[in-house]
Amino acid sequence: MDYKLNNDNFDIVKNSAVANLFGFVIRLGARLPFLFVVAFLYGKENFGQYLFAVTGVETLTVLFLFGFKRSIFQFLDFTSTSSNKENLNNIVVVAILVCLSLGFVVLTSIYIFYSYFLSTVDNSLLFCLLLLLPTSLLYSVSEILLTATRAVKLVRYEVMTKSIIEPYSLTILSVILFYAGFSEYGLFIAYWCMNIVVLCCTIYIYLKTIACASYCLNIRSNPYFFEIGVILKRSFSVAIDDILMVLMLRVDVYFLAALTRPEVLGIYGICLQIITIVKKIKQSFDPILEPVIANSIKIENLSNVANELARVSNLIFWIQSMIFTFLIFYCDELLLLFAIDDSAASLTLLLLISSVVISSTFGLSELIFLNKKPTINFYISTIMLLIHVVFCYLLISIFGILGAGLAMAISYSLRSVFQLYLMKRIYKVLPLNRSILVSVGGCILLFVYLFLINNVLDISSPFSIVLGIIGGLVIYISYGYFAKSLNNQF
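Notes on the structure follow.

Below, the discussion takes up the overall build of the protein chain. Regarding its fold elements, the protein chain presents 19 helices and 0 strands. For the protein chain, the proportion of its 490 residues judged to be buried stands at 57%. In the protein chain, once contacts between residues fewer than 6 apart in sequence are set aside, the share between residues at least 24 apart is 83%. Total accessible area computed for the protein chain in this model is approximately 20800 Å², and 68% of it derives from carbon and sulfur atoms.

And the structure:
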């Protein structure tokens, strides 16, 4: 299949994203029960400890991956992976060796010196963190193997692993362990078991799709050791950018852990789980969008690339902004499902979702920088991380979880504006077009409808909620089809 940016390219990206969204809907069937499990079985305090520990694992995982999850696509031109899977196997072996070596050094240092740089963390949070940190090695290897399957345009395996095996195994194991008597550490044991299951599945998938007949990683086949330096050099800027980005995403959790109680962190964690639903809409495009852009940006006019990214941005904004508009009216009722009755939590959730919408819609410029000048992403991430750290500390100290949401919204807005400014300044293009105003018009129409419904009826009544959601969907989707008939770019 030709993955150039041509007339059919948007359909390729869209269809692949639909497949991923279908997987996300399946995952949602596990994510929502998992939220009920942590809210009503384990409790907010236990979930706060779990969130802090998993945040540490995710941060180290990005460090150990060293940018390979995104940079591996830059190696396709000189390794000819599309026609020679042995070369891709060599790159994967190098990536895993780098990952495990870096992980061993970092984890050893943490367990030896943690008392010096984690002294401000609550003892219960610290114990849970140290309990889960080794899973970052399992997680990292799984990510590398799944990325390899994407490199040969096999997205379905990542969908199956991320959308079915990972969330359902975690949810089911959490319930089983709770009723087996592990009410205090059931979540942590379940997380360990889930990572082991995922790693076994990804190894099998990799051996089946990449290693093929050999059914081994084939480490003895001289896996390009002489090119390790080249690979590391090309991945370095991407790795640093990934680390800075994950710190920007997670620094709020670290500050909340240091400045608030685990129970408050648990409430914030439930909000983060909910916004993941919105975040996954954009991430559904990533598995195919990243390799498509990595290939097309070398052979296509940059204005064509920007135009196609603009169409993707419009589609992402169309879906995410609809969810945001619904939550303006039904945020309180949603949080009540998880025993959270707090206006600050509702406003925090809206701020977090707004930051996701802004970054997903206006942040696709990073894909062009990644393949043209990856150091630009590094500079942007460095500057914005420093700004975000300052905002997080000041606002969380004053407003708690509301301050964390406000800091995230401000920082993501500044980052997106900065990216678009540099894109226009350096390349004279923007991955945006006027069609996004169509989505804005749809949000306004939906907002007016929900405002009228909830002023005529009781906003918290089941009938009002059902009428608002179903009627709103009908109006919003009908408006979208009408707009598409007038403007094919939408």
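A separate point is unusual backbone geometry. Among all residues except glycine, the phi angle is most often negative; among peptide bonds, the trans geometry is most common. Here the phi dihedral of Ala339 falls at roughly 60 degrees; this positive angle occurs in a residue that is not glycine. Its location among the elements puts Ala339 in the loop between α13 (302–336) and α14 (343–362). In this structure, Lys428 takes a positive phi of about 60 degrees despite not being glycine. Residue placement: Lys428 occurs in the loop between α17 (401–427) and α18 (436–456). With relative accessibility at 58%, the residue Lys428 sits in the exposed group.

All right, on to the packing of helix α11 (residues 262–283) against α13 then. It is the contact of α11 with α13, at a shortest axis distance of 10 Å, that shows an interaxial angle of 165 degrees. By the criterion of interaxial angle, the relationship of α11 to α13 is roughly antiparallel. You can see that α11 and α13 cross each other, and the crossing is right-handed. Here α11 contributes Cys271, Ile274, Val278, Lys279, Ile281 and Lys282 to the contact with α13, which in turn contributes Ile316, Ile319, Gln320, Ile323, Leu334 and Leu335. Of the residues that constitute the contact of α11 with α13, the class distribution is 9 nonpolar, 1 polar and 2 charged.

The terminal C-alpha atoms of helix α2 (residues 44–65) lie 31 Å apart, and with 22 residues this matches the ideal 32 Å at 1.5 Å per residue to within 8%. The buried fraction of α2 is high, at 19 of 22 residues. Directly beyond the C-terminal end of α2, a positive phi value near 55 degrees is found at Phe66.

This part is about the pattern of salt bridges. Taken as a whole and judged by the stated rule, the model has 3 salt bridges. In this structure, Glu58 engages Arg250 in a salt bridge whose closest nitrogen and oxygen atoms are separated by 3.0 Å. Placement of Glu58 in helix α2 and of Arg250 in helix α10 (residues 228–259) is noted, with a sequence separation of 192 residues between them. Since its relative accessible area comes to 23%, Glu58 is described here as partly exposed. Between Glu166 and Lys162 there is a salt bridge, with its nearest N and O atoms 3.9 Å apart. Here Glu166 and its partner Lys162 are both found in helix α8 (residues 156–179), 4 residues apart, which amounts to about one turn of the helix. On the accessibility criterion, Lys162 (13% relative accessible area) is buried. Residues participating in the shared-partner salt-bridge network are Glu143, Lys162 and Glu166.

Another point: the state of the cysteines. Within this structure, the stated rule accounts for 0 disulfides. Cys200 forms no disulfide, and the closest cysteine sulfur to it belongs to Cys201, at a distance of 6.9 Å. The class for Cys200 is partly exposed, based on a relative accessible area of 49%.

Okay, the environment of Phe236 next. Counting through the fold element by element, Phe236 comes out in helix α10. For Phe236, a relative accessible area of 48% gives the class partly exposed. Residues Phe236 and Phe68, spaced 168 residues apart in sequence, show a C-alpha to C-alpha distance of 9.2 Å.

It is worth spelling out the side chain of Gln419 at this point. Locating Gln419 in the fold gives a position in helix α17. Excluding residues that lie within four positions of it along the chain, Gln419 makes contacts with Phe362, Gly363, Ser365, Glu366, Phe369, Asn377 and Ile380.

The rules behind these values
- Residues numbered from 1 in each chain as written.
- Predicted model: local features only at pLDDT ≥ 70, side-chain atom pairs only at ≥ 80, totals over all residues.
- Heavy atoms only, no water.
- Helix = DSSP H or I, 4+ residues; strand = E, 2+ residues; numbered from the N terminus.
- Buried < 20%, exposed > 50% of the residue type's maximum accessible area, 1.4 Å probe, protein only.
- Contact = heavy atoms within 4.5 Å.
- Areas by Shrake-Rupley, 256 points an atom, 1.4 Å probe, with all protein chains shown as cover.
- Axes fitted to C-alpha atoms, helices over the stretch in contact; angles between N-to-C directions.
- Parallel < 35°, antiparallel > 145°, perpendicular 65-115°, else oblique.
- Left-handed = near helix turned anticlockwise from the far one by under 90°.
- Nonpolar A, V, L, I, M, F, W, Y, C, P; charged D, E, K, R; others polar.
- Expected span 1.5 Å × (residues − 1).
- Salt bridge = Lys/Arg side-chain N within 4 Å of Asp/Glu carboxyl O.
- Disulfide = S-S within 2.5 Å.

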